Amino acid sequence: MFDAKSEISRLLAPGIPEIEPQQIHDMLEVPPNPEMGDLALPCFKLSRILKKSPVRIAEDLSAIVSKKGSTEDIDRIEAVSGYLNIFLNKSVYIRKILSEILQEGNSYGSSDIGRGKTVVIDYSSPNIAKPFHVGHLRSTSIGNSLYQIFAFMGYRCVGINHLGDWGTQFGKLIVAYKKWGSEHAVQENLIDELVALYVKFHKEAEKDPSLNEEAREWFTRLEQGNEEARSLWRWFIDISMEEYKKVYDLLGVEFDAYTGESFYNDKMEPVIEELKGKNLLKESKGAMVVDLEKEGMPPCLILKTDGSTLYATRDITAAIYRKNTYHFDKCIYVTGVSQSLHFKQWFKVIEKMGYSWYKGLYHVPFGTVSIGGEKLATRTGKVVLLDDILSRAIQKTRATIEEKNPDLENKEEVAKQMGVGAVIFSDLFSNRIKDVSFSWDEVLNFDGETGPYVQYTHARACSVLRRAEDGKTIRTSVETDPAGKSSKAGHEMGCPGEMTSKSASADADFDSSLLSSKEEYQLVRVLSAFPDKVKQALDDLEPSILTRYLVELAKEFNRFYHEHPILVKEKGLRKARLALVQATKATLATGLRLIGLHAPEKV
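Residues numbered from 1 in each chain as written. Predicted model: local features only at pLDDT ≥ 70, side-chain atom pairs only at ≥ 80, totals over all residues. Heavy atoms only, no water.

Asker: Which residues make up the overall build of the protein, and what values do they have?
Answerer: The helix and strand inventory of the protein stands at 22 helices and 13 strands. Dimensions of the protein, computed from C-alpha atoms along their principal axes, come out at roughly 85 × 65 × 40 Å. The contacts in the protein between residues at least 6 apart in sequence include a share of 75% that link residues at least 24 apart. (Helix = DSSP H or I, 4+ residues; strand = E, 2+ residues; numbered from the N terminus. Contact = heavy atoms within 4.5 Å.)

What follows is the structure, given as structure tokens:
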């Protein structure tokens, strides 16, 4: 993979033997103004190491590179006010970047850094018998994108849906069903009826607190294996999962395992005994806890006064089970920021238990989702159902297609891809830690920096390639299985009429010197940044890095598209510009897939 920074670092290394080439690489930056070069090395941090002024360092490095003789990658180097400004040979740079993309196709930007390593990602995890609302979207979309990114970088990925299928809420639901529900109503309205019963229980419990005790009694029966309680519990799970899977199908999200809280019921006792054997459990007001006072945290509650387990007990048990089962190198938990303390506590318990793999546990928090500043709450009915959001987004997209392109093939499928894409893209556009106040106007706004804008840009590139008389001479392998698991199976698909090949460098023989405009060069610069953006998204566990990158890439392509005709008569220029179109299309498709979106070829 061509990396201009690595080439520059190699050239500069002899002049700065005091530091490693990788440190030079990391210090190189892209100047805000192209007139200041393509890359720049600020020499101020080097001043203390080299005992010279930044101005002198820049001048000395410039002289060293000049003495080494010319290299095809660099046009010139200038020392200016303590900066070493590097101007690349544009023609060579364009040729190397575009040739690499055309040759690597769907693999462009990927890596094998995860080879032989396993990452477990715990995401989505809705509570059974409660609606799949907009708050669940964040964990689902962030987790799914991280899955795609890690798989793209060579990791073996295991996606786990840790369902909330245990707890006192089931005692409440059983009481509500027996008092006010009916089998017919539940069969008729499914999860909507379960939610209505749950909301009614809380309203009635405010007037009659004894209902809470009755619910606890029913949950105790459930824990003890009471057949009626177990039968109702399993029924509620089946109804919920049927509804959840409809939403997951719309989102294009899959999981390798649905192992919820109840899965660990028979696995906690050995863990509790282990905590006791390692003298980590202490009694506190009748409960059993792990003392974390020295770590500056409240105690981690393991057993309640009645001997029942808690979330921490299950999470510790689940982590040990996952380590023993999947032998993970990393185990990532995608949940709200409000649970940060909870994860810090039980991560510390794992460390105290003597397990060195605690270092591979990561909490990926995201900001809260509210409606008009009010927290989402199923018990009060204060939710916006995700199914409603997706349906309205698809409906809006369908209406737009009917207005602008009524003869579009597969318009129902395209409406679904772009409507759902708009919702996911909107959710992933902001930094994950940012709080979100849900707004219908915002989520259904398809103008500007949105998913449909990026998807439309991809379709525009496909349209150009379809219309190109010699489009078949430029080949690439572009995997457009955008919502599938990149580590499993993909489809080799391109624009209709476009040939695909695993290695097509022989067909990408274009004259890069003809791509001489600032729009063409800037588009190539943005394309070249894709591998770094993927790596940064992986390191920071932050999908929004890719989402924002795709908007930038789409903008640069559209600027090029509007400024320069592509299907010109001059064959050399035509071929060069088509290479640029093909490279953009391939990168857009891959980027969209990594954040869980489809890349429609026609819209």
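Asker: Go over the pairing of strand S5 (residues 156-160) with me, naming the residues and quoting the values.
Answerer: Of all 5 residues in S5, 4 are buried; the element is thus mostly enclosed. Inspection of the sheet shows strand S4 (residues 118-122) paired to S5 by 5 bridges, in the parallel sense. Pairing of Asp-122 across the sheet is with Ile-160, part of S5. With respect to chirality, the unit in which S4 leads through helix H6 (residues 134-152) into the neighbouring parallel S5 is right-handed. (Buried < 20%, exposed > 50% of the residue type's maximum accessible area, 1.4 Å probe, protein only. Pairing = 2+ DSSP bridges. Right-handed = clockwise from strand over helix to strand, strands pointing away.)

Asker: I'd like to hear about empty space enclosed by the protein, residue by residue, with values.
Answerer: Think of a ball as big as a water molecule: rolled over the atoms, this probe shows where empty space is left. All chains considered together, the criterion is met by 3 cavities of 30 Å³ or more. Roughly 40 Å³ of internal volume is contained in the largest cavity. Lining the largest cavity we find Thr-140, Ser-141, Asn-144, Leu-251, Val-253, Ile-424, Ile-595 and Gly-596. Counting residues per element, the lining of the largest cavity draws most heavily on H6, at 3 residues. Looking at the lining of the largest cavity residue by residue, the class counts come to 4 nonpolar, 4 polar and no charged. (1 Å grid on protein atoms, 1.4 Å probe; cavity = no way out; pocket = protein on both sides within 12 Å on 5 of 7 lines; lining within 4 Å. Points joined across faces, edges and corners; volume = space filled by probe spheres on them. Nonpolar A, V, L, I, M, F, W, Y, C, P; charged D, E, K, R; others polar.)

Asker: A description of the side chain of Ser-9 should follow, citing residues and the corresponding values.
Answerer: One can find Ser-9 in helix H1 (residues 4-12). What Ser-9 contacts, discounting residues up to four positions off in sequence, is Pro-21, Ile-24, His-25 and Leu-28.

Asker: Break down helix H15 (residues 386-404) for me, citing the residues and quoting the values.
Answerer: Counted at 1.5 Å a residue, the expected span for H15 with its 19 residues is 27 Å, and the 27 Å between its end C-alpha atoms agrees. Among the residues making up H15, those that are buried are Leu-386, Ile-389, Leu-390, Ala-393, Ile-394, Thr-397 and Ile-401. The buried residues of H15 occupy an angular sector of 125° when the element is viewed end-on, so they sit on one face. Relative to its buried face, H15 has exposed residues pointing more than 90 degrees away, namely Gln-395 and Glu-403. (Expected span 1.5 Å × (residues − 1). Arc of directions from axis to C-beta.)

Asker: Before we move on, could you go through the sheet that holds strand S10 (residues 361-366) and cite the residues and values that matter?
Answerer: One open sheet accounts for 4 strands, arranged S5-S4-S9-S10; its pairing is parallel. Of all strands in the sheet, those with a lone pairing partner are S5 and S10, marking the two edges. Put simply, the sheet's adjacent strands are angled 20° from each other on average, direction ignored. Direction of pairing for S4 relative to strand S9 (residues 330-336): parallel, over a ladder of 4 bridges. (Axes fitted to C-alpha atoms, helices over the stretch in contact; angles between N-to-C directions.)

Asker: How would you explain helix H22 (residues 571-594) if you had to name every residue and give the values?
Answerer: Along an α-helix, residues three or four positions apart point the same way, because every turn accommodates 3.6 residues. Compared with the 34 Å implied by 1.5 Å per residue over 24 residues, the 35 Å span of H22 between its first and last C-alpha is a close match. Counting buried residues along H22, 21 of its 24 residues qualify, which places the element largely inside the surrounding structure. Gly-596 occupies a position one or two residues after H22 and carries a positive phi of about 90°.

Asker: Could you give me a rundown of the packing of helix H5 (residues 90-104) against helix H19 (residues 518-528), with the residues and numbers involved?
Answerer: Any two packed helices are characterised by how steeply their axes cross, that is the angle between the axes, and by the distance between the axes. Running from amino to carboxyl end, H5 crosses H19 at an angle of 50°, the nearest separation of the two axes being 10 Å. It follows that H5 is oblique to H19 by the angle criterion. Judged by the twist between their axes, the crossing of H5 over H19 is left-handed. Residue-level inspection shows Lys-90, Tyr-93, Ile-94, Ile-97, Leu-98 and Ile-101 of H5 in contact with H19, the latter providing Tyr-521, Val-524, Arg-525, Leu-527 and Ser-528. When its residues are assigned to classes, the contact of H5 with H19 shows 8 nonpolar, 1 polar and 2 charged. (Parallel < 35°, antiparallel > 145°, perpendicular 65-115°, else oblique. Left-handed = near helix turned anticlockwise from the far one by under 90°.)

Asker: Outline unusual backbone geometry, supporting the account with residue identities and numerical values.
Answerer: In this structure, Ala-129 takes a positive phi of about 70° despite not being glycine. Positioned with a positive phi, Leu-541 is a non-glycine residue whose angle comes to about 50°. Take Leu-541: it is sitting in the loop between helix H20 (530-540) and helix H21 (544-563).

Asker: Give a detailed account of the confidence of the model for the protein, specifying residues and quantitative values.
Answerer: Chain-level pLDDT for the protein is 89 on average; 90% of the residues reach the 70-or-more range. Low pLDDT, under 50, characterises residues 470-507; the stretch is placed with 98 contacts to residues that sit more than four places away or in other chains. (pLDDT = per-residue confidence, 0-100.)

Asker: Quick one: what's the story with the packing of aromatic side chains, residue by residue and with numbers?
Answerer: As enumerated under the stated definition, the model contains 29 aromatic pairs in all. Look at Phe-263 and Tyr-264: their rings are 5.0 Å apart centre to centre, the planes differ by 90°, and that puts the pair in the edge-to-face class. Through successive ring pairs, a cluster of aromatic residues spans Tyr-123, Phe-132, Tyr-244, Tyr-248, Phe-255 and Tyr-258. The ring of Tyr-321 is capped by Lys-267, whose NZ or CZ atom sits 5.8 Å from the centre of that ring. A cation over a ring is seen here: Arg-548 above Phe-429, with NZ or CZ 4.1 Å from the ring centre. (Phe/Tyr/Trp six-rings, centres within 6.5 Å; stacked < 30°, edge-to-face > 60°. Lys NZ or Arg CZ within 6 Å of the ring centre and 35° of its normal.)

Asker: Break down the packing of helix H18 (residues 451-467) against H21 for me, citing the residues and quoting the values.
Answerer: Contact geometry of H18 with H21 gives a least axis separation of 9 Å together with a crossing angle of 40°. Judged by the angle between their axes, H18 and H21 are oblique. Handedness of the H18/H21 crossing: left-handed. Taken together, the residues of H21 that come into contact with H18 (itself represented by Tyr-453, Val-454, Thr-457, Arg-460, Ala-461, Val-464 and Arg-467) are Leu-550, Val-551, Ala-554, Lys-555, Phe-557, Asn-558, Tyr-561 and His-562. Here the contact of H18 with H21 is composed, by residue class, of 9 nonpolar, 3 polar and 3 charged.

Asker: Tell me about the pattern of salt bridges, and please be specific about residues and values.
Answerer: Where charged atoms from two side chains of opposite charge come close, those side chains can pair. By the definition in use, this model includes 35 salt bridges. Across the salt bridge formed by Lys-96 and Asp-73, the nearest N and O atoms sit 2.8 Å from each other. With Lys-96 in helix H5 and Asp-73 in the loop between helix H4 (54-67) and strand S2 (74-80), this pair connects stretches of sequence that are 23 residues apart. On the basis of relative accessible area, Asp-73 is assigned to the buried category, the value being 8%. For Arg-432, the salt bridge goes to Glu-542, with nearest N and O atoms at 3.8 Å. Here the residue Arg-432 occupies a position in the loop between helix H16 (411-429) and strand S13 (436-438), and Glu-542 occupies one in the loop between H20 and H21, the gap between them amounting to 110 residues. Residues Arg-432 and Glu-542 agree in their burial class; the two are buried. Among the charged side chains, a salt-bridge network with shared partners connects Glu-72, Asp-73, Arg-95 and Lys-96. (Salt bridge = Lys/Arg side-chain N within 4 Å of Asp/Glu carboxyl O.)

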